[in-house]
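Working through the structure, step by step
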Amino acid sequence: EEQGQFLYHGFYKQLFDMYSIRQSDTSTLVVDPYKGKIMLPEVGCEIEGMRRKEKALYAMILSQTTSGGINFNQPKSAARMKAYNERMLNVKMIYGKWYSLFGGERKTAPDIENPEIRNPMMSNIRKQINKLSSRLKNIDDYNIRKDCDGNYTVPLDNKLVQLKHWEENTIT
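First things first, this report covers the structure right here in the doc. (Residues numbered from 1 in each chain as written. Predicted model: local features only at pLDDT ≥ 70, side-chain atom pairs only at ≥ 80, totals over all residues. Heavy atoms only, no water.)

Before going further, it helps to spend a moment on the nonpolar core. Ranked by internal contacts, the top residues of the largest apolar core, which has 40 residues, are Leu40, Leu57, Tyr58, Met60 and Trp98. Sorting the residues of this core by element identifies β1 (29–32), β2 (37–40), α2 (52–64), α3 (81–101), α4 (115–130) and β7 (161–165) as the ones contributing at least two each. Those residues in contact with tyrosine 58 that sit more than four places away from it in its chain are Leu29, Ile38, Ile125, Ile129, Tyr142, Ile144 and Val154. (Core = buried A, V, L, I, M, F, W, Y, C linked by side-chain atoms within 4.5 Å. Buried < 20%, exposed > 50% of the residue type's maximum accessible area, 1.4 Å probe, protein only. Helix = DSSP H or I, 4+ residues; strand = E, 2+ residues; numbered from the N terminus. Contact = heavy atoms within 4.5 Å.)

The next point concerns the pattern of salt bridges. It is possible for side chains bearing opposite charge to pair when their charged atoms get close. Taken as a whole and assessed by the stated rule, the structure comprises three salt bridges. Measuring nitrogen to oxygen at the nearest pair gives 2.6 Å for the salt bridge that ties glutamate 54 to arginine 51. The class for glutamate 54 is buried, based on a relative accessible area of 0%. With a shortest N-O distance of 2.9 Å, glutamate 113 and lysine 92 are connected by a salt bridge. Taken together, the residues span a long stretch of sequence, with glutamate 113 in the loop between α3 and α4 and lysine 92 in helix α3 at a distance of 21 residues. (Salt bridge = Lys/Arg side-chain N within 4 Å of Asp/Glu carboxyl O.)

It is worth spelling out the packing of aromatic side chains at this point. Going through the model one piece at a time under the given rule, you end up with three aromatic pairs. Both rings, one in tyrosine 95 and one in tyrosine 99, keep their centres 6.0 Å apart while their planes meet at 35°; by these two values the pair is tilted. Taken together, the positions of tyrosine 95 and tyrosine 99, both in helix α3 and four residues apart, correspond to about one turn of that helix. A cation sits over an aromatic face here: arginine 52 above tyrosine 99, 5.9 Å from the ring centre. The ring of phenylalanine 72 is capped by arginine 118, whose NZ or CZ atom sits 4.1 Å from the centre of that ring. (Phe/Tyr/Trp six-rings, centres within 6.5 Å; stacked < 30°, edge-to-face > 60°. Lys NZ or Arg CZ within 6 Å of the ring centre and 35° of its normal.)

Compared with an ideal rise of 1.5 Å per residue, which puts 13 residues at 18 Å, α2 spans 18 Å between its outermost C-alpha atoms and is within 8% of the ideal. Within α2 the residues assigned to the buried category are Glu54, Lys55, Ala56, Leu57, Tyr58, Ala59, Met60, Ile61 and Leu62. (Expected span 1.5 Å × (residues − 1).)

Residue alternation in β1 divides its side chains into two sets, Leu29 and Val31 and Val30 and Asp32, and both sets are buried. Here three bridges tie β1 to β7, and the two strands are oriented parallel to one another. Along β7, the bridge assignment pairs leucine 29 with valine 161. By the bridge criterion, three bridges tie β1 to β2 in an arrangement that is antiparallel. What sits directly across from valine 31, in β2, is isoleucine 38. With antiparallel pairing between neighbouring strands as the criterion, β1 and β2 make up a hairpin whose turn holds four residues, including glycine 36 at a positive phi of roughly 70°. (Pairing = 2+ DSSP bridges.)

Attention shifts here to the environment of isoleucine 144. Among the secondary structure elements, isoleucine 144 is positioned in the loop between α4 and β5 (145–146). Put simply, isoleucine 144 and leucine 62 are 82 residues apart on the chain and 8.3 Å apart in space, counted from C-alpha to C-alpha. Beyond its immediate chain neighbours, meaning those up to four positions away, isoleucine 144 contacts Tyr58, Ile61, Met122, Ile125, Arg126, Tyr152, Thr153 and Val154.

And the structure:
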């Protein structure tokens, strides 16, 4: 080692990293569709890079997580197809409401039943949330997850989720 050389390995690297790397935090997730924003106030940022359709999809899955999430899998038997079609009609209706809350036209909401439309949206949501990995602890808790049954959920603790309501102008 030369005189005056900056040592960045071993103990010195560990010590330097400990003091220079920003510590990540846990944050509440505030969904404010009336302003078109999904925010993380404790870390002082907003989830950016998502379009209206992706914000609406993320907010819908977030709101449906408490009831088990959303399953887009088609049944293998024809006997269950009627129930699937009814369920998808309901999911599309809920998505249309979220889409309109974020400023879109309910009639022009993307067809999220179609995986060719839905999968790129899911991919961008995950990509934008993963960009915050240096600022948030347990980034996977903020991301959309698909369980073994095919249900899409956001495993974030309900106490950390706040949805802005228009009529009361409050957050729950």
